[in-house]
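Residue strings, one per chain:
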Number of protein chains: 2
Amino acid sequence: MISCMNLKQLSEKLGLSQTTVSRALNGYPEVSEATRHKVRKAAEAHSYRPNTRAKSLATGRSMTIAHVVPVSSKHEMVNPIFADFIAGAGEEYSRAGYDLLLSVVADSDHERVYRDIATRQVVDGLIVQAPTLTDTRIPMLQDLDIPFVVHGRSSGIIGAYNWLDVNNRRAFERATGLLLDLGHRRIALLNGLATMDFAHRRNDGYTRALLERGIAADPELIAHDEMTENYGFEVARRMLSTSNPPTAFVVSSIIPAIGVRRAINKAGLVFGRDVSIVIHDDDLSYFRNTGDVPLFTAVRSSVREAGQRCAAMLLEIIRRREEGLRNEGPMQTLMEAELTIGQSTGPLIPSAAKLRS
Amino acid sequence: MISCMNLKQLSEKLGLSQTTVSRALNGYPEVSEATRHKVRKAAEAHSYRPNTRAKSLATGRSMTIAHVVPVSSKHEMVNPIFADFIAGAGEEYSRAGYDLLLSVVADSDHERVYRDIATRQVVDGLIVQAPTLTDTRIPMLQDLDIPFVVHGRSSGIIGAYNWLDVNNRRAFERATGLLLDLGHRRIALLNGLATMDFAHRRNDGYTRALLERGIAADPELIAHDEMTENYGFEVARRMLSTSNPPTAFVVSSIIPAIGVRRAINKAGLVFGRDVSIVIHDDDLSYFRNTGDVPLFTAVRSSVREAGQRCAAMLLEIIRRREEGLRNEGPMQTLMEAELTIGQSTGPLIPSAAKLRS
DNA sequence: CGCGGCAGTCAAAGCGCTTTGGAAGTTTGG
DNA sequence: CCAAACTTCCAAAGCGCTTTGACTGCCGCG
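What counts as what
Residues numbered from 1 in each chain as written. Chains lettered and ligands numbered in written order. Predicted model: local features only at pLDDT ≥ 70, side-chain atom pairs only at ≥ 80, totals over all residues. Heavy atoms only, no water. Least-squares fit on C-alpha atoms with pLDDT ≥ 70 in both. Contact = heavy atoms within 4.5 Å. Phe/Tyr/Trp six-rings, centres within 6.5 Å; stacked < 30°, edge-to-face > 60°. Helix = DSSP H or I, 4+ residues; strand = E, 2+ residues; numbered from the N terminus. Buried < 20%, exposed > 50% of the residue type's maximum accessible area, 1.4 Å probe, protein only. Lys NZ or Arg CZ within 6 Å of the ring centre and 35° of its normal. Near = heavy atom within 4 Å. Polar contact = N/O pair within 3.5 Å; in protein donor to acceptor, adjacent residues only side chain to side chain. Nonpolar A, V, L, I, M, F, W, Y, C, P; charged D, E, K, R; others polar. Domains from an automatic or database assignment. Pairing = 2+ DSSP bridges. Axes fitted to C-alpha atoms, helices over the stretch in contact; angles between N-to-C directions. Buried area = accessible area lost by both parts, 1.4 Å probe. Salt bridge = Lys/Arg side-chain N within 4 Å of Asp/Glu carboxyl O. 1 Å grid on protein atoms, 1.4 Å probe; cavity = no way out; pocket = protein on both sides within 12 Å on 5 of 7 lines; lining within 4 Å. Points joined across faces, edges and corners; volume = space filled by probe spheres on them.

A. A look at the relation of the copies chain B and chain A. Taken as rigid bodies, chain B and chain A are interconverted by a rotation of 180° and an axial shift of 0.0 Å, the fit giving an RMSD of 0.1 Å. Seen this way, the second copy is the image of the first under a two-fold rotation axis. Scanning chain B for the C-alpha nearest the rotation axis identifies Leu101(B), at a separation of 2.3 Å. Both copies present the same face, since 100% of the interface residues in chain B are matched by interface residues at the equivalent positions in chain A.

Below, the structure is given as structure tokens:
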């Protein structure tokens, strides 16, 4: 059994004061190289680590960042992109010596949890996930005066805040445009939850691309829900069995797209020939859409990279604040998605509609 | 802007001592109901929360649990089951007032991270994920004398420790047995990474079921790797294109099974008729294998429930230790997976092999 | 009336660290 | 040879909370 040693014990063992030992270990210049070396060795030998709680009480910094991941109260579902987002962010945190505090919270009482985390002073900053159209967390956190970065944006919020987002509008405009270029006219959109800000922007991009060609969006071809495989399957099946079915789908994530593919097969159609699909690809680690010719044509933007960059932004904001540079203006980053052609898109086959009937 | 108030300020405002205020808020009996009520109201009004860092320094308990999630250095992949596992555990933690500290760590330096977390005394306990066949973390943590629960087991470790596991051996024995009952003889196993303990147990169950019918396992039909969609696709495609292809697959997770289905379609075979699949289903929230007749025949065990129960076990262990009951013996729970029939299994069609050639 | 007992409150000591404000010891320069 | 200027170290004061031990009234009992 390994006994846990503290500063006092270590300093007594060395015959030095706590001050000196602390300074030696934290790299302060007031201590000679000889003592520093001796102290370092002893600390190593007894595998001494400063007690985090005491350290953060003394310094006022907890070296911890909070992520609050929403779990939908409807489906008890956790969006799988969080795994990769957190992996990216976590990498950045551990590099900088920060810990990550995770709160899994029903989306109904987000506000309470954020307020709690902030006033308990348990973290130095936090990241806001999945902002809604008008997200009340943002003004609340500004009010609480705690550093935060939003992954996404909230259209209904006036005033500046730090965010990192993908250019969803342009991504979906391009995705839809590609299908239009291929001759498709009946294009369905399988979007995320309508309350989410990103879903709104994606709708925008889709509608805009259609309008540019003089096509009005057909509400029958637009669906909103949590992005499960089953959602993709059910919606696509329903749409494909109508009298005027879509010949192409734009899908918000690879997971429902798997369901769409299932529905296409089930309808006796050929994926990528009779029906085209373009997805938004978050580049999930266990669902890599890669290969010489990836399965899905996609607008891609790595959610892991987003996590990493959000974390880096937040740490930078915290650093600045500690140096007293408070009025630097907000940090805002817009990432562009990249279009890659896969096996899921092809030109409209005029006869396809007939074949089906 | 909301100013953060501390105990001292609150007690001064009330004209009481810090002791009394602290006791009033923490429900100690030494304080009159009248004062308690007054204090509660004032705390509410100023939205006072005790500073976590100070509190945990004073009490010696950090009210935090650590999860270390491994990210494979090979594929930079995060196993998506962690999202649901953590959702389950997080529910339990927040109910008990605990926070969750998450470390995302390349699997190579797990030991360092665990030792670090333990000696920095930043958490009251931790959960070990994805144990390997002989997992060195277990003796290490016993040595460090910190409460922990293993999600899974490690066959190579002698000596008792707290764990919660699914009966993988029986689950895979049943899955394989079902396929054998349906007449299949060439049954492939798509397993997880060979280093994982659960993969070993699953191999066992599979092999045992075959042996019971006098069939020797064919190494050509067994694959081990990280459970991505692409892995399922590639392996199934390869196996299906041999001269003596399998007529059925047992697959370790729904994600590679999606890939297997893709390979089956691509080979021009019919899923569930020409080729059968039984999966192990972790009941992932975004990949629910449900419906009147679920897509996949499965041995199912909810990973979310596992998370919740692991968390409950750990909190119980911590509670006992605080009450001085150290020698209660280890807590060990074995969950049984439940078999449900879906659309992915059917009797062996003797002509199938011919059709294909 | 006096004393034990109890309810309600408080001052002060810690938890393990950082950091301030010296105090020694050592070197330099006039 | 002594003052000034470093260098190297230290004692002690906090950080914001809990908790111990003591203290003050006030009641009831002999």
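Once the structure has been displayed, the description carries forward.
B. Focus on the packing of aromatic side chains. Enumeration according to the criterion identifies five aromatic pairs over all chains in this entry. Relative to Phe296(B), the ring of Phe271(B) has its centre 5.6 Å away and its plane inclined at 90°; by these criteria the two rings are edge-to-face. Of this pair, Phe271(B) sits in the loop between α11 (254-266) and β10 (276-281) while Phe296(B) sits in the loop between β10 and β11 (297-300), and the two are 25 residues apart along the sequence. Taken as a pair, Phe271(B) and Phe296(B) share a single burial class, namely buried. Members of the aromatic cluster, joined through ring pairs, are Tyr286(A), Phe287(A), Tyr286(B) and Phe287(B). Across from the ring centre of Phe233(A), 3.8 Å away, lies the NZ or CZ of Arg262(A), which sits over that ring.

C. Structural view of the protein's contact with DNA strand C. Taken together, 27 residues surround DNA strand C, and among them Leu7(A), Ser22(A), Arg23(A), Tyr28(A) and Thr19(B) come closest. For DNA strand C, the backbone portion of the atoms within 4 Å of the protein, that is sugar and phosphate, comes to 58%. Between DNA strand C and Ser17(B), the relevant distance is 2.7 Å, taken from a phosphate oxygen to a main-chain nitrogen or oxygen of the residue. In the environment of DNA strand C, a base nitrogen lies 2.6 Å from a nitrogen or oxygen atom belonging to the side chain of Thr19(B). When residues of the surface near DNA strand C are traced back to their parent elements, those giving at least two are α2 (18-25) and α4 (52-59) of chain A together with α2 (18-25) and α4 (52-59) of chain B. Of the residues belonging to the surface near DNA strand C, the class tally is ten nonpolar, 13 polar and four charged.

D. A look at the domain arrangement of chain A. Each assigned domain of chain A is listed here: domain 1 (7-50), domain 2 (64-166 + 304-335) and domain 3 (168-301 + 340-356). Taking only C-alpha atoms into account, the centre of domain 1 of chain A sits 62 Å from that of domain 3 of chain A.

E. Main features of the sheet that holds strand β11 (residues 297-300) of chain A. Residues and elements named next belong to chain A. Taking strand neighbours across the sheet as the criterion, the six strands line up as β8-β7-β9-β10-β11-β13 in an open arrangement whose pairing is mixed. The open sheet has two edge strands, β8 (222-224) and β13 (338-340), and neither has a second partner. Across the sheet, the mean angle from the axis of one strand to that of its neighbour is 15°, orientation sign disregarded. As defined by bridge partners, strand β7 (residues 187-191) adjoins strand β9 (residues 248-251) across four bridges and the pair is classed as parallel. Residue pairing in the sheet places leucine 189 in a bridge with valine 250 of β9. Each of β7, β9, β10 (276-281), β11 and β13 touches helix α8 (residues 168-181); the most contacted strand, β9, lies at about 170° to it.

F. Layout of the interface of chain B and chain A. With 52 residues of chain B in contact, the opposing surface of chain A contributes 52 residues. Between chain B and chain A, a total of about 5,400 Å² is buried, with carbon and sulfur atoms accounting for 54% of that surface. It is Arg49(B), Arg53(B) and Tyr286(B) that lose the most area in chain B upon contact with chain A, and together they represent 14% of the buried surface on that side. For the interface between chain B and chain A, the tally reads six salt bridges. With a shortest N-O distance of 2.6 Å, Asp116(A) and Arg49(B) are connected by a salt bridge. Summed over the shared surface of chain B and chain A, the result is 19 residue pairs in polar contact (both at pLDDT 80 or more).

G. Structural view of the protein's contact with DNA strand D. Taken together, 27 residues form the shell around DNA strand D, and within it Thr19(A), Leu7(B), Ser22(B), Arg23(B) and Tyr28(B) come nearest. Taken together, the sugar and phosphate atoms account for 59% of what DNA strand D places within 4 Å of the protein. For DNA strand D, a base oxygen lies 3.5 Å from a polar atom in the backbone of Ala58(A). Asn51(B) places a polar main-chain atom, nitrogen or oxygen, 3.1 Å from a phosphate oxygen of DNA strand D. Looking at the surface near DNA strand D, the elements that each hand over two or more residues are α2 and α4 of chain A together with α2 and α4 of chain B. Here the residues of the surface near DNA strand D sort into ten nonpolar, 13 polar and four charged.

H. Representation of empty space enclosed by the protein in the model. Applying the stated criterion across every chain yields a total of two cavities of 30 Å³ or more. Estimates place the volume of the largest cavity at around 220 Å³. Looking at the largest cavity, it is lined by 17 residues, and the ones nearest its centre are Arg53(A), Thr64(A), Val122(A), Thr64(B) and Val122(B). Where the lining of the largest cavity is concerned, the elements lending two or more residues are α4 and β3 (99-106) of chain A together with α4 and β3 (99-106) of chain B.

I. Layout of the pattern of salt bridges. All chains considered together, the criterion is met by 54 salt bridges over all chains. For Arg213(A), the salt bridge identified is with Asp181(A), shortest N-O distance 2.9 Å. Taken together, the positions of Arg213(A) in the loop between α9 (197-212) and β8 and Asp181(A) in helix α8 put the pair 32 residues apart, joining distant regions of the chain. Of the residues examined, Arg213(A) reaches a relative accessible area of 37% and is grouped as partly exposed. If you follow the salt bridges from partner to partner, you end up with Arg49(A), Asp99(A), Asp116(B) and Arg120(B) in one network.

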